[in-house]
Each structure stands twice: as structure tokens, then as C-alpha cells.
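Listed here are the chains, written in short residue letters.
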Amino acid sequence: SDGVEERSIITYDLLFDLMNIYPFGEGNMCSAFLIYNYVQIWGELPMSFIYKVDSVRFLTICDQARNRGNIHPYHVFCFKQYMKFLDEEIAEMHK
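Quantities reported herein were computed from a predicted structural model and do not represent experimental measurements.

Rules and cut-offs
- Residues numbered from 1 in each chain as written.
- Predicted model: local features only at pLDDT ≥ 70, side-chain atom pairs only at ≥ 80, totals over all residues.
- Heavy atoms only, no water.
- Axes fitted to C-alpha atoms, helices over the stretch in contact; angles between N-to-C directions.
- Helix = DSSP H or I, 4+ residues; strand = E, 2+ residues; numbered from the N terminus.
- Parallel < 35°, antiparallel > 145°, perpendicular 65-115°, else oblique.
- Contact = heavy atoms within 4.5 Å.
- Nonpolar A, V, L, I, M, F, W, Y, C, P; charged D, E, K, R; others polar.
- Core = buried A, V, L, I, M, F, W, Y, C linked by side-chain atoms within 4.5 Å.
- Buried < 20%, exposed > 50% of the residue type's maximum accessible area, 1.4 Å probe, protein only.
- Phe/Tyr/Trp six-rings, centres within 6.5 Å; stacked < 30°, edge-to-face > 60°.
- Lys NZ or Arg CZ within 6 Å of the ring centre and 35° of its normal.

Novice: Help me understand the packing of helix H1 (residues 4–19) against helix H3 (residues 55–68), please; the structure alone is not making it clear to me.
Specialist: Geometry of a packed helix pair, given as the angle between the helix axes and the separation of the axes. Two elements in contact, H1 and H3, have axes separated by 11 Å at closest approach and are oriented at 85°. Between H1 and H3, the angle falls in the class roughly perpendicular. Across the interface between the two elements, Leu-15, Phe-16 and Met-19 from H1 touch Phe-58, Cys-62, Ala-65 and Arg-66 from H3. Per-class residue counts for the contact of H1 with H3 are six nonpolar, no polar and one charged.

Novice: Please clarify how unusual backbone geometry should be interpreted in this entry.
Specialist: Trans peptide bonds make up the majority, and among non-glycine residues the majority have a negative phi. One non-glycine residue, Glu-44, lies in positive phi territory at about 60°. Here Glu-44 shows up in the loop between helix H2 (28–42) and H3.

Novice: Looking at this structure, how should I read the nonpolar core?
Specialist: Soluble, globular proteins show a tendency: their nonpolar side chains are buried together. Residues Tyr-12, Leu-15, Met-19, Phe-33, Phe-58, Cys-62 and Tyr-74 are the most contacted members of the largest nonpolar core, which totals 17 residues. For this core, the elements supplying multiple residues, two or more each, are H1, H2, H3 and helix H4 (72–93). Top contributing element to this core by residue count: H1, with five residues. Excluding residues that lie within four positions of it along the chain, Phe-33 makes contacts with Leu-15, Met-19, Phe-49, Ile-50 and Phe-58.

Novice: Where do I start with the packing of aromatic side chains in this structure?
Specialist: Aromatic ring pairs are described here by two measures, namely the spacing of the ring centres and the angle between the planes. Scanning the entire structure with this criterion turns up nine aromatic pairs. Where Tyr-12 meets Phe-79, the ring centres are 5.0 Å apart and the plane angle is 85°; that geometry is what we call edge-to-face. In this pair, Tyr-12 is assigned in helix H1 and Phe-79 in helix H4, connecting sequence segments 67 residues apart. Between Phe-33 and Tyr-36 the ring centres are 5.6 Å apart and the planes differ by 85°, which places this aromatic pair in the edge-to-face class. With a gap of three residues between them, Phe-33 and Tyr-36 both fall in helix H2, about one helical turn apart. A residue is classified by how much of its surface remains accessible, and Phe-33, at 15% relative accessible area, is buried. Owing to a relative accessible area of 2%, Tyr-36 belongs among the buried residues under this scheme. Over the aromatic face of Tyr-51 sits the side chain of Lys-84, whose NZ or CZ is 4.4 Å from the ring centroid.

Right under this line is the structure:
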């Protein structure tokens with residue numbers, strides 16, 4: 001394995017932790033995503049993001065992960081967003 005999955009999970013966890021620093025709340029999101037993307041680039045991963053259309057679901061999953069102490073569904077969501085992005089990029093290349 002080239003470690004992409006492991007490095008991705010580290011960045012997802014970083015994003016989750018940064019967004020949940022009290023008392024920042026909603027204000028953390030912009031800063032968290034900047035740091036998250038920086039760490040992705042530093043870790044030789046492509047930058048990723050959460051699609052605006054999926055942002056409410058993302059925040060719901062973050063809340064559930066925090067409240068239930070189970071971060072796995074959050075990781076799954078992040079990987080699905082990443083796959084959605086890659087699928088769109090591949091489709092664009094084939095045009």
C-alpha cells in the first residue's frame with residue numbers, strides 16, 4: 001500500500017478535531033479546511049473538499065460522530081466525497 005488511505009484518515013481526523021475545538025464552533029470551519037488542505041498537500045495528497053450540496057449532511061455526520069463517539073461514518077463520508085471528486089475529474093478528462 002502507498003499509505004494514501006492512512007494519510008487520508010489522518011487528515012480527516014485533523015479536520016474533525018479542528019472543527020470541534022470549543023468555543024470556535026462554526027467559525028472553525030474555514031480555518032480547519034485551510035489547515036486540512038495544507039496538510040493534504042504536505043502529505044502528498046490531492047486537496048479535497050466537501051461539496052456544498054452535501055454540507056448539511058457533513059455537519060450532521062460530524063455531530064453524530066462527536067455525540068456517539070464513533071468516527072467511522074465520518075471517515076466513510078469523507079472518502080465518498082473524495083471518490084465523487086475523483087469520478088468527476090476522470091469524467092472531465094474523458095470529454
